[in-house]
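Given next are the chains, with one letter for each unit.
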Amino acid sequence: MTDELAFMSASELGPLIRAREVSPVDVAEAQLARIASMDGVLRAFTYVDAEGALAQARSAEAEVAAGAYRGPLHGITIAHKDIIEVRGMPTTAASRVIPHAVATQDATVVAKLRNEGTVGLGKLNLIEFASGSMGVFGFARNPWNLAAYPGGSSSGSGVALAAGMVTLATGTDTGGSIRNPAAFSGLAGLRPTYGRVSRAGCIPLSWSQDSIGPMARTVADVALMLGAMAGPDGEDLTAAAGPVPDFTEDLGIAVGGVRVGIPHGYFMDGLDPEIAAAMQAALHQLAALGADVIPIELPASVFAPAASWTIAYSESFVFHRPWFETKSRDYTPAFYHKIAAAGLMSAEERIVSQQVRQRVTREFLDAFRRVDLIVTPSNRALASDDGIPAPGALRWTGEMASVTRPVSLTGFPALSVPIGFARDNTPIGMQVVGRPWDEAAVLALGHAYEQSTGWHKAHPPALPAEIPPRFGAAGPPAPGPGDATSVTAGWVMDMARLLGHGFVTEEDAEAIAPLLAPVKEQLTLARATLALDLEPPVRPAGFPW
């Protein structure tokens, strides 16, 4: 019964807690036991507050017994990505750069979820500042296959949920950092419409692309969380002032006649064969549920990763610049080199990126005149992919081949749901994209698919007696011969000197050059290919405010 409680969804537990058939204390104890026995290997948590969690669980139990039931999240366990402030817990961003000070107040989303009666278990591991590596607290391990990647940057959120160590978790998504770990961990994870959820109390990566969102083992739980998290906030002027609907209301409705757009070309090219097969099966299932599957075109999306990368990391460079001057060696190299690289982009490239953002958004909006939702894979490669391009792979790999970044540029809502498993037992995900503010439709389709297949009911295997090397332990693959490029280490050093970036060393330049080259190449092609006669946005495009 202990493991059964640990893996039950909030939607299942809520009625049982309300009827006093299950105690929140028993659920918290079951999951704390799993944390104690498994997290030494899985490294999902940066901080566990067992004493505080049990006190909150006992308080929830007493409130329910006294007739003060707060709602479906009362007594449900939750943990928060360690870039979001939680009162009484340290905020680290998985970095050595900032003092690991105990937060004195909750981020807005934490306060809202706390008001619903959730029981906080602790803080979750992540890639440094949501875009580096996990070299500070240890690398989170994928419980489905310990040698596979757990996804990032909300790595700990995905691992803790998949392993039954918590019932709900928060994540943040800039380029795909909720959708990616949700896909690789066999979960549901939603990037809400930009502005749906307040970002107050969260350390930023990209002011114009960050979204805080819910992660859980079922779409219904994601819907419950979003209802609690969403809404206006005086501490974040980008938090929309509109009413928050009941996102659970449309769950369970028939999806017959829903028009589902499938963007061929960029989104379907270069897929791992097992992902391609799983996607075809998922599309057949959507059709069997009555959805109308309609081919669409989103050609500008091929340039979206470079634009998203440039905008996000240029904003991050501005945020981190003061620390780069004094603490550059305290960062993980993965984060420092990426953000320092963005600091070398030209003003022209940044404006072109904003114009690409407008073009991509217009294409999505045009597509939504023909279809109700858009469906793509959540990833091109399996969680166990070693990073070496397969035959027939796209010209650009890694972040430059992302299928989640185009949606990040638009600010539209997107959900990842599991659609199967590869032969190596790693999960595969599907991305469902909706019109701005229409999370309800996204969740309804995701829920209908989920309930018709049952992939969400699977649990990872027990930890093996012999722990294999983690994903990436051998280091990145050796670079191939590639194409000639003008972005050399020498060019990086010349530009760094010109801009006065004295924190960039010749060793840094060797790592920065290959990061910059594909981004600059994409943006050059974008300017030559697209009619960028667009005024760049001063806020995320496509919104009426």
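Residues numbered from 1 in each chain as written. Predicted model: local features only at pLDDT ≥ 70, side-chain atom pairs only at ≥ 80, totals over all residues. Heavy atoms only, no water.

As for the pairing of strand β11 (residues 427-434)
Logical step 1: Counting buried residues along β11, eight of its eight residues qualify, which places the element largely inside the surrounding structure.
Logical step 2: The side-chain alternation of β11 yields two buried faces, one formed by P427, G429, Q431 and V433 and the other by I428, M430, V432 and G434.
Logical step 3: The pairing of strand β9 (residues 373-377) with β11 spans five bridges and is classified as antiparallel. In the sheet register, L373 faces β11, and the bridge partner there is G434.
Logical step 4: Here seven bridges tie strand β10 (residues 414-421) to β11, and the two strands are oriented antiparallel to one another. Counted as the bridge partner of F421 is P427 from β11.
Logical step 5: Joining the antiparallel neighbours β10 and β11 is a turn of five residues, in which N425 adopts a positive phi near 75°. (Buried < 20%, exposed > 50% of the residue type's maximum accessible area, 1.4 Å probe, protein only. Helix = DSSP H or I, 4+ residues; strand = E, 2+ residues; numbered from the N terminus. Pairing = 2+ DSSP bridges.)

Some points on the environment of L344
Logical step 1: Its place among the elements puts L344 in the loop between α11 (333-342) and α12 (347-367).
Logical step 2: For L344, a relative accessible area of 3% translates into the label buried.
Logical step 3: When the C-alpha positions of L344 and M493 are compared, they lie 9.9 Å apart, and in sequence the two are 149 residues distant.
Logical step 4: Those residues in contact with L344 that lie beyond four places of it in its chain are R350, W491, V492, M495, A496, L499, H501, I512 and L516. (Contact = heavy atoms within 4.5 Å.)

Let's talk about the packing of helix α10 (residues 304-327) against helix α16 (residues 506-529)
Logical step 1: Put simply, α10 and α16 touch, their axes get as near as 8 Å, and they point 120° apart. With respect to their mutual orientation, α10 and α16 come out oblique. You can see that α10 and α16 cross each other, and the crossing is left-handed. Between α10 and α16, the contacting residues are P305, A306, A307, W309 and T310 on the first element and L515, L516, V519, Q522 and L523 on the second.
Logical step 2: Looking at the contact of α10 with α16, its residues break down into eight nonpolar, two polar and no charged. (Axes fitted to C-alpha atoms, helices over the stretch in contact; angles between N-to-C directions. Parallel < 35°, antiparallel > 145°, perpendicular 65-115°, else oblique. Left-handed = near helix turned anticlockwise from the far one by under 90°. Nonpolar A, V, L, I, M, F, W, Y, C, P; charged D, E, K, R; others polar.)

Points about unusual backbone geometry
Logical step 1: Cis geometry is adopted by the peptide bond preceding S153, which originates at G152 and carries an omega value of 10°.
Logical step 2: Take S153: it is sitting in the loop between β3 (119-124) and α6 (155-162).
Logical step 3: Here the phi dihedral of R43 falls at roughly 55°; this positive angle occurs in a residue that is not glycine.
Logical step 4: If you trace the backbone, R43 turns up in the loop between α3 (24-42) and β1 (45-48).

Some points on α11
Logical step 1: The element α11 is extensively covered by neighbouring structure, given that eight of its 10 residues are classed as buried.
Logical step 2: Next to the buried residues of α11 lie α10, α12 and α16.

Some thoughts on the nonpolar core
Logical step 1: In this structure, V356, F364, V375 and M430 are the most contacted members of the largest nonpolar core, which totals 133 residues.
Logical step 2: Setting aside its immediate chain neighbours within four residues, F364 contacts F267, L298, S301, I374, P406, V407, T410, F412 and V433.
Logical step 3: Counting 32 residues, the second largest nonpolar core, distinct from the first, contains L146, L161, A162 and A163. (Core = buried A, V, L, I, M, F, W, Y, C linked by side-chain atoms within 4.5 Å.)

With respect to the pattern of salt bridges
Logical step 1: With the rule as written, the count across this model stands at 20 salt bridges.
Logical step 2: When the shortest N-O distance is used, the salt bridge between D3 and R34 registers 2.9 Å. With a gap of 31 residues between them, D3 in helix α1 (residues 2-7) and R34 in helix α3 connect regions that are remote in the sequence.
Logical step 3: Here R34 falls in the buried class, since its relative accessible area comes to 13%.
Logical step 4: The closest approach of N and O atoms between R259 and D372, which form a salt bridge, is 2.9 Å. (Salt bridge = Lys/Arg side-chain N within 4 Å of Asp/Glu carboxyl O.)

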